[in-house]
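Residue-level structure breakdown
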Amino acid sequence: LDPTSYENDIQGFYFKPDGKSLITIGGQGNGIDQWNMTTAWDLSTASHVGFQFVDTDNFRFFTVRPDGTEFFYNQGSNGTQPRQINRKAINSAWNISAGIGSQQNTLLTDNSNQNWNFAGGKFSADGKQFYVIQTTQFQTAGIARWTMSTGWDYTTFNNSPSRRSFTNLVYELKDIAFADDGKKL
């Protein structure tokens, strides 16, 4: 897969759980692109099927709800911008060519420490927990977890995170992943 004719600055990607579709988010085109594969997980069979503009740039992370009906992203912050997690709807599941919602919902804002930025983020499989890496300049500060009382329902979001801080890490994490059982990070 050579996406450079569509986007030279891919900043995040997400595979459909069956491996037959890939959605990327990029900073050059400021939007999301979609590729479909005729053979699951085989990028050599990918063909570009659509693009949608997202009015932002400098993405820090990107993830798609597993049913393909919405996506979540964070625009990078520079110490003065709020640290926000944003959500947009996909009009037809796993088909960005059908359009994305014009309404951008802010899922959460965290201004608890002006030195932190958000990096990679992930939802739990049931959509009731959201984890995000918090970084300082070139170092990982920790991971924060927010909860929702109803899975994937951002109106039930608890805006008081629990945090696990890291000390003596001299590198900056960009993304996180969990084992299928949720017991290993």
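Scroll up for the structure.
Rules behind the numbers
Residues numbered from 1 in each chain as written. Predicted model: local features only at pLDDT ≥ 70, side-chain atom pairs only at ≥ 80, totals over all residues. Heavy atoms only, no water. Helix = DSSP H or I, 4+ residues; strand = E, 2+ residues; numbered from the N terminus. Buried < 20%, exposed > 50% of the residue type's maximum accessible area, 1.4 Å probe, protein only. Contact = heavy atoms within 4.5 Å. Areas by Shrake-Rupley, 256 points an atom, 1.4 Å probe, with all protein chains shown as cover. Salt bridge = Lys/Arg side-chain N within 4 Å of Asp/Glu carboxyl O. Polar contact = N/O pair within 3.5 Å; in protein donor to acceptor, adjacent residues only side chain to side chain. Pairing = 2+ DSSP bridges. Axes fitted to C-alpha atoms, helices over the stretch in contact; angles between N-to-C directions. Phe/Tyr/Trp six-rings, centres within 6.5 Å; stacked < 30°, edge-to-face > 60°.

A few words on the overall build of the protein chain. Summing up its helical and strand segments, the protein chain has 0 helices and 12 strands in all. For the protein chain, the sequential pattern of α-helices and β-strands runs β-β-β-β-β-β-β-β-β-β-β-β. By the burial criterion, 41% of the 185 residues in the protein chain qualify as buried. Counting only contacts in the protein chain whose residues sit at least 6 apart along the sequence, the fraction spanning at least 24 positions is 41%. Roughly 9,400 Å² of accessible area belongs to the protein chain as shown, and the carbon and sulfur atoms make up 46% of that amount.

This part takes up the pattern of salt bridges. Scanning the entire structure with this criterion turns up 4 salt bridges. Residue Arg-65 pairs with Asp-67 through a salt bridge whose shortest N-O separation is 3.3 Å. Among the residues examined, Asp-67 registers a relative accessible area of 34% and is labelled partly exposed. We note a salt bridge from Arg-87 to Glu-70, for which the minimum N-O separation is 2.5 Å. Of this pair, Arg-87 sits in strand E7 (residues 83-89) while Glu-70 sits in strand E6 (residues 70-75), and the two are 17 residues apart along the sequence. As far as the burial class goes, Arg-87 and Glu-70 line up, both buried. Through salt bridges with shared partners, a single ionic network connects Arg-65, Asp-67, Glu-70 and Arg-87.

For Lys-88, the position within the fold is in strand E7. In this structure Lys-88 comes out as buried when scored by relative accessible area, which is 9%. One polar contact links the side chain of Lys-88 to the main-chain carbonyl oxygen of Gly-101, over a distance of 3.4 Å.

Pairing is antiparallel across the open sheet formed by 4 strands, whose spatial order is E1-E2-E3-E4. In this open sheet, the two strands that pair with only one neighbour each are strand E1 (10-15) and strand E4 (46-53). Taking the axes of each pair of neighbouring strands and ignoring which way they run, one obtains an average angle of 20° across the sheet. Pairing of strand E3 (residues 31-37) with E4, which is carried by 7 bridges, proceeds in the antiparallel orientation. Bridging across to E4, Asp-33 finds its partner in Phe-51.

Overall, the coordinates contain 9 aromatic pairs when judged by the stated rule. Pairing Tyr-14 with Trp-94 gives two aromatic rings, centres 6.1 Å apart and planes at 20°, and the pair type is stacked. Placement of the pair is Tyr-14 in strand E1 and Trp-94 in the loop between E7 and strand E8 (105-110), with a sequence separation of 80 residues. Accessibility expressed as a relative area gives 10% for Trp-94, which makes it buried. A network of ring pairs unites the aromatic residues Phe-72, Phe-123, Phe-130 and Trp-152 as a single cluster.

Inspection of the secondary structure assignment puts Gln-129 in strand E10 (residues 129-136). Taking the C-alpha atoms as reference points, Gln-129 and Trp-146, separated by 17 residues in sequence, lie 5.7 Å from one another. A polar contact is formed between the side chain of Gln-129 and the side chain of Arg-145, at a distance of 3.0 Å.

A few words now on the pairing of E1. Pairing geometry for E1 and strand E2 (residues 21-26), over 5 bridges, is antiparallel. In the strand pairing of E2, Tyr-14 is matched with Ile-23. Hairpin connection, E1 to E2: the antiparallel pair is bridged by 5 residues, and Gly-19 has positive phi, about 75°.

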